[in-house]
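# Per-entry structural report
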Amino acid sequence: MSGRIGGRGDLLDRWRDIEEEEEREGENAGSHASGSNQRRLHQLKEQWFVDAFNFLICLPKETHIWCDSWDLMGPLLETFYNYFKDERQDSLRLLWKRISEEMKICIRCISQHHQALEMYRMEYELSSIGPLLNVLQSLDEERVAQHLREINERMAKKDYFPAHDNAEVVSVMYEVLMHPVLLNDKSLFFEFEAFIEAIDNVHELALDRNQQFPGVYALFFFKRRVRFVAHRLAESMGKLRRAVDLEPLQKLLKKFIGSLETEVMPSISENLRPRLELDRSAAWIGIKSLIGFLEPPALEEGILESYPIFLDVVLNQVSSDSPVFSHAVTCLKLLFEMLGCKLWLRSALSPSIMRSTLVGQCFHSRNEKIHKDIFELFQPLLQACIYILFIHYFFSLSSTDVCVGKEGIFFIFLQQVPVSSNFSVLTRQKARQIAFLIIRRGYNMNPPSPPFECSHMWGPSLVSSLKDLFYPSLRQPALDLIQTILVSDAAALISSSLSFHTRPRAEEEKFGAWGAFSSQNLVVSQEYRGWMCIPMLWTDVLVEIDPTVLPLSFSKAVFWARSRLLFVEPDISGETYLPIQSWFVICRRNVLCIWMEGSYGL
């Protein structure tokens, strides 16, 4: 038989003939001659497999089989279906041993090998090719795990020499990082973890920036030392932009997301090797880090669309006293910030349900950190409800709720939280801060949507916070809010009185706070109809509060608003206007500073 082998060209010609005959046989599957033709074709293929094997095994040692004869080795993989049933050491095991040794040091061999596997997946039905792919997967996992084990043993014994062993290190790193599905093997996962730690102690790992290595993002699910390396490598490659960039990770992601809710039980697999079992904490840390390296389209289509249950799982952990609570909160915050209102289009959950869940968890727990983490979710949640339709949905409550309409959220933060024994003094101040940020967001939106009608709910708290000097960092949102209100009300009043849109002068827009005031003026002046000012708030702030406890930025806002109101009724009598002259006298130092800045012209 060996005399029939011929050269490489002869074997390729014979294989092409076999493929053509297989196609014809498929077209004539119903004919009477089909049975005999199939037997003859089967014999031709068997003979070709024998001849191809003999040809490849006899290639010179310096010639790599996958590099030199990938077009012969590819079809020959079909014979590996019986690999574990063939005990003869001079057949497939001998061939596999050789190509395994070659793949230890050759990236091209690795690439050709995995391209051949991908060809089988693409061109054949999984039902027919599945058993073969399972065998080859087991062989690959065993091969790579053994190679990693050998390198780790050398590293432990100080027998690693970079100049000599560099090719092996590069090859095994390339294969795992390009084909992260290998990490589903339990032994390989832990060997690679030890390998990355050891190698990074010798070399500071870096990757070719011209090529994507999807396995880098799988390293987020390893232990802390490896995650540190993963972040460094991922930052050098950048974020994954499209869902297709996540495809190499999808088999692992399916397992990781499945382990977010409960501990993973040992799985039953057709694969002959033990599968990876990741604990919940590692899965949450990994998914949190991964989301941070995804662009919104990749997150939306690659995670939420592929795993619709993901958002429910995250919310379940946020609403429970789970050990992974903080990781789940971070994930939810990232979802709000990255997807905005698209989040609701991908989920059956409404903003109202989301809000109620978060508030319920606050009152269920006495843990101050849980309160702080959940309160900080309300700003990105509101941002995710940016369109007016969603804003109203966010504020609305069902008839069974304690509160009605927009007052609900402020009732919770400004009325219930301050009197509840569940919350510390600092947490109560934090609740105020979040409420003020939400209100200010309503004023700053384009078009604006301030909660005028429930100012009786938040106005007194705002004045109280402005007087409070004990928490300067928590007082700042109150200062920002009152400045925004003064500027917005003044802009609305002059626009309403003069019935045309005021336009800020170009020179005003270029400078610090004046530019922010002018931008707010432009937005409000276009939407002044239906605007409601809150006179009592002006009085309480400008008359009842000592001006010396208010910062320069507040004086700027007052000065800006006053300059606008002069244009509305310049001849107003002293009996009908707010006694603000005395305020300017007390704050003359601030007014002088404003004047000397030279950044504003009337």
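Residues numbered from 1 in each chain as written. Predicted model: local features only at pLDDT ≥ 70, side-chain atom pairs only at ≥ 80, totals over all residues. Heavy atoms only, no water.

If you trace the backbone, phenylalanine 411 turns up in helix H22 (residues 407-419). By relative accessible area, which is 26% here, phenylalanine 411 ends up partly exposed. The sequence separation of phenylalanine 411 and tryptophan 458 amounts to 47 residues, and the corresponding C-alpha distance is 8.5 Å. (Helix = DSSP H or I, 4+ residues; strand = E, 2+ residues; numbered from the N terminus. Buried < 20%, exposed > 50% of the residue type's maximum accessible area, 1.4 Å probe, protein only.)

Taken N-terminus to C-terminus, the directions of helix H9 (residues 186-202) and helix H11 (residues 224-237) make an angle of 65 degrees; their axes are 9 Å apart at the nearest point. By the angle between their axes, H9 is roughly perpendicular relative to H11. H11 is crossed by H9, and the crossing has left-handed handedness. The segment H9 lies against H11, with Glu193, Ile196, Glu197, Asp200 and Asn201 engaging Arg225, Val226, Val229 and Arg232. Looking at the contact of H9 with H11 residue by residue, the classes come out as three nonpolar, one polar and five charged. (Axes fitted to C-alpha atoms, helices over the stretch in contact; angles between N-to-C directions. Parallel < 35°, antiparallel > 145°, perpendicular 65-115°, else oblique. Left-handed = near helix turned anticlockwise from the far one by under 90°. Contact = heavy atoms within 4.5 Å. Nonpolar A, V, L, I, M, F, W, Y, C, P; charged D, E, K, R; others polar.)

On to the side chain of serine 289, then. Structurally, serine 289 can be placed in helix H13 (residues 280-292). Its relative accessible area of 11% is what places serine 289 among the buried residues. At 3.0 Å, the side chain of serine 289 and the backbone oxygen of isoleucine 285 are in polar contact. Apart from the residues within four sequence positions on either side, serine 289 is in contact with Phe220 and His231. (Polar contact = N/O pair within 3.5 Å; in protein donor to acceptor, adjacent residues only side chain to side chain.)

All chains considered together, the criterion is met by 28 salt bridges. Where arginine 8 meets aspartate 71, a salt bridge forms, and the shortest distance between an N and an O atom there is 2.8 Å. Of this pair, arginine 8 sits in helix H1 (residues 8-27) while aspartate 71 sits in helix H4 (residues 70-76), and the two are 63 residues apart along the sequence. Taking relative accessible area as the criterion, arginine 8 reaches 28% and is therefore assigned partly exposed. The shortest N-O distance in the salt bridge between arginine 225 and aspartate 200 comes to 3.0 Å. (Salt bridge = Lys/Arg side-chain N within 4 Å of Asp/Glu carboxyl O.)

The next thing to look at is the confidence of the model for the chain. Regions with low pLDDT should not have their predicted coordinates read in detail. Averaged over all residues, the pLDDT of the chain is 81; the fraction at 70 or higher stands at 82%. Contacts of residues 397-405 to residues separated by more than four positions or lying in other chains number 10 contacts, the stretch itself having pLDDT below 50. (pLDDT = per-residue confidence, 0-100.)

A word on the packing of helix H23 (residues 425-444) against helix H24 (residues 455-467). Interaxial distance between H23 and H24 falls to 11 Å at its minimum, and their mutual angle equals 115 degrees. Taken together, the axes of H23 and H24 lie roughly perpendicular to each other. Once H23 is placed against H24, the crossing between them reads as left-handed. Taking contact as the criterion, the partners of Arg432, Phe436, Ile439 and Tyr443 in H23 are, on H24, Trp458, Ser461, Leu462, Ser464 and Ser465. A class-by-class count of the residues in the contact of H23 with H24 yields five nonpolar, three polar and one charged.

For the rest of this paragraph, the subject is the packing of aromatic side chains. Counting across every chain of the model gives 23 aromatic pairs. With centroids separated by 6.4 Å and ring planes inclined at 65 degrees, the aromatic side chains of phenylalanine 192 and phenylalanine 222 adopt a geometry described as edge-to-face. Taken together, the residues phenylalanine 192 in helix H9 and phenylalanine 222 in the loop between helix H10 (215-218) and H11 connect sequence positions 30 residues apart. Under the relative-accessibility criterion, phenylalanine 192 is labelled buried at 0%. Centroid distance tyrosine 443 to phenylalanine 452: 6.2 Å. Interplanar angle 90 degrees. Geometry classified as edge-to-face. Overall, the relative accessible area of 0% leaves tyrosine 443 in the buried class. A network of ring pairs unites the aromatic residues Phe189, Phe190, Phe192, Phe195 and Phe222 as a single cluster. (Phe/Tyr/Trp six-rings, centres within 6.5 Å; stacked < 30°, edge-to-face > 60°.)

Moving on to unusual backbone geometry. The peptide bond linking asparagine 446 to proline 447 adopts the cis configuration, its omega dihedral lying at 5 degrees. Topologically, proline 447 is positioned in the loop between H23 and H24. A positive phi angle, near 65 degrees, is found at lysine 158, a position not held by glycine. Tracing the backbone shows lysine 158 in the loop between helix H7 (126-156) and helix H8 (162-178). On the basis of relative accessible area, lysine 158 is assigned to the exposed category, the value being 69%.

Right, let's talk about the nonpolar core for a bit. Formed by 179 residues in total, the largest nonpolar core has its most connected members in Phe80, Ile287, Phe310, Leu332 and Trp458. When residues in this core are grouped by element, the largest group, 11 residues, is from H7. Not counting residues up to four positions away in its chain, the partners in contact with leucine 332 are Leu311, Val314, Leu315, Val318, Met354, Leu358 and Leu377. (Core = buried A, V, L, I, M, F, W, Y, C linked by side-chain atoms within 4.5 Å.)

It is worth spelling out the state of the cysteines at this point. In this structure the tally under the stated criterion is zero disulfides. For the unlinked cysteine cysteine 109, the closest cysteine sulfur is that of cysteine 67, found at 3.4 Å. Its relative accessible area of 0% is what places cysteine 109 among the buried residues. (Disulfide = S-S within 2.5 Å.)

Moving on, we come to the environment of glutamate 277. Within the fold, glutamate 277 resides in the loop between helix H12 (250-258) and H13. Residue class for glutamate 277 comes out partly exposed when judged on its relative accessible area of 34%. For the pair glutamate 277 and lysine 255, spaced 22 residues apart in sequence, the C-alpha separation works out to 8.6 Å.

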